[in-house]
Amino acid sequence: MKLGEILRGTDVRTDTPELEISGITSDSRRVRPGFLFLCLRGGRHDGHFHAGQAKENGAVCVIGETPALARADGAENMLITASARVTESVVWYNFTGRPTDGMTKIAVTGTAGKTSVVFTMRHIFRSAGHHVGVITTISALAGNDPVPLGECGGSSVSDLAGAMTTPDPEYFFGAAAEMKARGCDTLIYEASSQSLLLHKTDAVRPDAAIFTNLSPEHLDCHGTMEEYFAAKARLMKSAKLGITNADDPYMSRLPEMFPGKNVLTCSCAPARIADTDVCAIRIASRGADGMEYVYFSDEAVFRIRTPLIGRHSVVNTMQAALCAIRLGADPMTVKEALADMSGVDGRLCRVRFPKDCGSSADVFIDYAHTPDSLAAALAALTEIKRERLIVLFGCGGDRDRTKRPKMAETAQKYADFVIVTGDNPRTEDPMRILDEIMQGLDRTKPHAVIPDRRDAIRFAVNEAREGDLILLAGKGHEKYEINADGKHPFDEERIVLEAVREKNNPQS
């Protein structure tokens, strides 16, 4: 592709628009003859200091922000941009054929609920006859077909394989191009705070953006809750329509922050029926069969029944319904879609036991890995429990340490028995993580500390009695464990089934 076409929509100016570019990268090790090299500044590396190596490897064009640094590294004639991150998004958008042009684009951001809302939207839009592509923490799909995001799960430079909430532009727009080639007319994706801070999807103008909620998370990256919120709020600058949670103290500020934008509000508080665009009233739990409520707005009033359990599922489905209706879906189609929707992988998923397993306590698997998301999952299970509620959880290594004792406090607030264990320690000392979690635990209450997560799951199954509920929190859809040695297979559902069989058939 010609350099001039690739730079369309950027602030970069060139005297050689007809220069042929065969590839783009920000990793000097991946440069091949004919490539364009982008000098990105990261937490550990500055691409300006690798520009010379990129030239030696065959880069015919280098784009960066600070020419002096590149010249010191041996690279001359750098093209200048005010933001290499913004330019990265736009050049990949152009290089992949502007794949989201003509597609309906919906972005979902927030601390918790992003994946659930994306898959709820996917189900609604598919029910309405659309061909949908999604990019989420769980997977990228075109229809039902997986779309690969590269060896590092959507990152060009990571040394650790693993899914990213929002892939780097190379993989995000590459996946979007694949989806369009397979006939997708709608793209629904998660927009993480880090991706918004790094301008990964700046080239996309969403037709709608959904803001779920905000609670302490990624403060190791953002520093403060205000900075975290500011990163999320960036999405509204480019979105044509905003759908926000009026019951969240942060997200409720969006209408005032963007007075010239179309920002619609949702609430689960009946008292707010007059000052929000949509209100959920007559909310009722149907136990293990899910939730029901009345969706009330000026444009539509109807009863929603969903098999998704927990009060948080009311907010998630209400926001998805409002967004779909505003983008043209028929309210009755929305109602029917929500009624027959199955669960989302790793989001309060109930483990189904084959007959040969025998009876057992009910086991749920959820991705909850923050105090608020853990509270939401436990609160939902508290509504349907008959006997004890047992929770097993840990905290990831090389991540926000401030939440560790808070997770313990949250677990004991709702659960009758708490099991503290490992959860992706990565390069951090697993025992130090457990020690920091235990700072928030009341040791006089029923609990166990079992560092090995497989052993902890077996213990939970054996500890449980008929009628108990078990929540395995933190990993959800993940089928792996990450420690200092790398990534290893780890399927919680399979481990549960094995443990239940061993418990009920000890001689087999």
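Predicted model only: the values in this text are computed from it and were never measured.

Things to note about the overall build of the protein chain
Tallying secondary structure elements over the protein chain gives 18 helices and 23 strands in all. In terms of C-alpha radius of gyration, the protein chain reaches 24 Å, essentially the compact-globule figure of 23 Å for 508 residues. A total of 508 residues make up the protein chain; the buried ones form 56% of that total. Once local pairs closer than 6 in sequence are excluded, the contacts in the protein chain between residues at least 24 apart make up 64%. Surface exposure of the protein chain reaches about 21100 Å², of which carbon and sulfur atoms provide 49%. Between the averaged position of the 61 positive side-chain charges in the protein chain and that of its 69 negative side-chain charges there is a distance of 2 Å.

A closer look at the sheet that holds strand β21 (residues 469-473)
Spatially, β16-β17-β21-β18-β19-β20 is the arrangement adopted by the 6 strands of the open sheet, whose pairing is mixed. Edge positions in the sheet fall to β16 (349-350) and β20 (447-449), since each has one partner strand and no second. Alignment of strand β17 (residues 362-366) against β21, held across 5 bridges, turns out to be parallel. Along β21, the bridge assignment pairs Ile365 with Leu472. Along the sheet, helix α17 (residues 453-463) contacts β18 (389-393), β19 (417-420), β20 and β21; its crossing angle with β18, the most-contacted strand, is approximately 175°.

Observations regarding the pairing of strand β3 (residues 61-64)
Neither face of β3 is left uncovered, since the one carrying Cys61 and Ile63 and the one carrying Val62 and Gly64 both have all their residues buried. Looking at chain direction, strand β2 (residues 35-38) and β3 are connected through 3 bridges and run parallel. Its bridge partner being in β3, Leu36 is matched across the sheet by Cys61. Between the parallel elements β2 and β3, the chain passes through helix α2 (residues 51-56) in a crossover that is right-handed. Bridge count between β3 and strand β4 (residues 79-80): 2 bridges; the pairing is parallel. Among the inter-strand pairings, Ile63 is bridged to a residue of β4, identified as Leu79.

A word on the packing of aromatic side chains
In the structure shown here, the tally under the stated rule is 7 aromatic pairs. Between Phe229 and Tyr250 the ring centres are 5.7 Å apart and the planes differ by 50°, which places this aromatic pair in the tilted class. Placement of the pair is Phe229 in helix α9 (residues 225-233) and Tyr250 in the loop between β11 (241-245) and α11 (254-257), with a sequence separation of 21 residues. For Tyr250, a relative accessible area of 19% corresponds to the buried category. Counting every residue linked through ring pairs, the aromatic cluster contains Tyr93, Phe172, Phe173 and Tyr189.

Some details on the pairing of β18
Regular strands have side chains that alternate between both faces of the sheet. Most of β18 is tucked away: 5 of the 5 residues are buried. The side-chain alternation of β18 yields two buried faces, one formed by Leu389, Val391 and Phe393 and the other by Ile390 and Leu392. In terms of strand pairing, β18 meets β21 through 4 bridges, oriented parallel. Across the sheet, the residue bridging to Leu389 is Leu469, located in β21. Relative to β19, β18 runs parallel, the two sharing 4 bridges. Opposite Leu392, over in β19, you have Ile419 as the bridge partner.

A closer look at the environment of Arg98
Summarising the element assignment, Arg98 is placed in the loop between α4 (84-95) and β5 (104-109). Among the residues examined, Arg98 registers a relative accessible area of 22% and is labelled partly exposed. The sequence separation of Arg98 and Asp247 amounts to 149 residues, and the corresponding C-alpha distance is 37 Å. Non-local contacts of Arg98, meaning those with residues more than four positions away in its chain, are made with Arg8, Tyr93 and Lys180. Side chain to side chain, Arg98 and Asn94 meet in a polar contact 2.9 Å long.

A look at the nonpolar core
A general feature of soluble globular proteins is that nonpolar side chains tend to end up buried together. Leu36, Ile63, Ile135, Met179, Leu187, Tyr189 and Leu254 are the most contacted members of the largest nonpolar core, which totals 52 residues. If one sorts the elements of this core by residue count, helix α6 (residues 169-181) sits on top with 6 residues. Residues within four places of Ile63 in sequence aside, it is in contact with Leu7, Val12, Leu36, Phe37, Leu38, Cys39, Met78, Leu79, Thr81 and Thr87.

Focus on the sheet that holds β4
Strand order across the open sheet formed by 4 strands is β1-β2-β3-β4, with parallel pairing between neighbours. One side of each edge strand has no neighbouring strand; the edge strands of this open sheet are β1 (23-25) and β4. Alignment of β1 against β2, held across 3 bridges, turns out to be parallel. Paired with Gly23 across the two strands is Phe35, which belongs to β2.

Observations concerning the confidence of the model for the protein chain
Residues at a pLDDT of 70 or more form 94% of the protein chain, whose mean pLDDT is 91. Confidence over residues 157-163 falls short of pLDDT 50; this stretch has 16 contacts with residues more than four positions distant or in other chains.

Considering the environment of Glu387
With respect to the element layout, Glu387 can be found in the loop between α14 (371-384) and β18. Assessed through its relative accessible area of 47%, Glu387 is described here as partly exposed. Taking C-alpha positions, Glu387 is 9.2 Å from Asp416, a pair spaced 29 residues apart along the chain. When near neighbours in sequence (up to four residues on either side) are disregarded, Glu387 contacts Asp416, Glu466, Gly467 and Asp468.

Rules of the game
- Residues numbered from 1 in each chain as written.
- Predicted model: local features only at pLDDT ≥ 70, side-chain atom pairs only at ≥ 80, totals over all residues.
- Heavy atoms only, no water.
- Helix = DSSP H or I, 4+ residues; strand = E, 2+ residues; numbered from the N terminus.
- Rg over C-alpha atoms; globule rule 2.2 N^0.38 Å.
- Buried < 20%, exposed > 50% of the residue type's maximum accessible area, 1.4 Å probe, protein only.
- Contact = heavy atoms within 4.5 Å.
- Areas by Shrake-Rupley, 256 points an atom, 1.4 Å probe, with all protein chains shown as cover.
- Lys, Arg positive; Asp, Glu negative; His and termini not counted.
- Charge placed at Lys NZ, Arg CZ, Asp CG, Glu CD.
- Pairing = 2+ DSSP bridges.
- Axes fitted to C-alpha atoms, helices over the stretch in contact; angles between N-to-C directions.
- Right-handed = clockwise from strand over helix to strand, strands pointing away.
- Phe/Tyr/Trp six-rings, centres within 6.5 Å; stacked < 30°, edge-to-face > 60°.
- Polar contact = N/O pair within 3.5 Å; in protein donor to acceptor, adjacent residues only side chain to side chain.
- Core = buried A, V, L, I, M, F, W, Y, C linked by side-chain atoms within 4.5 Å.
- pLDDT = per-residue confidence, 0-100.

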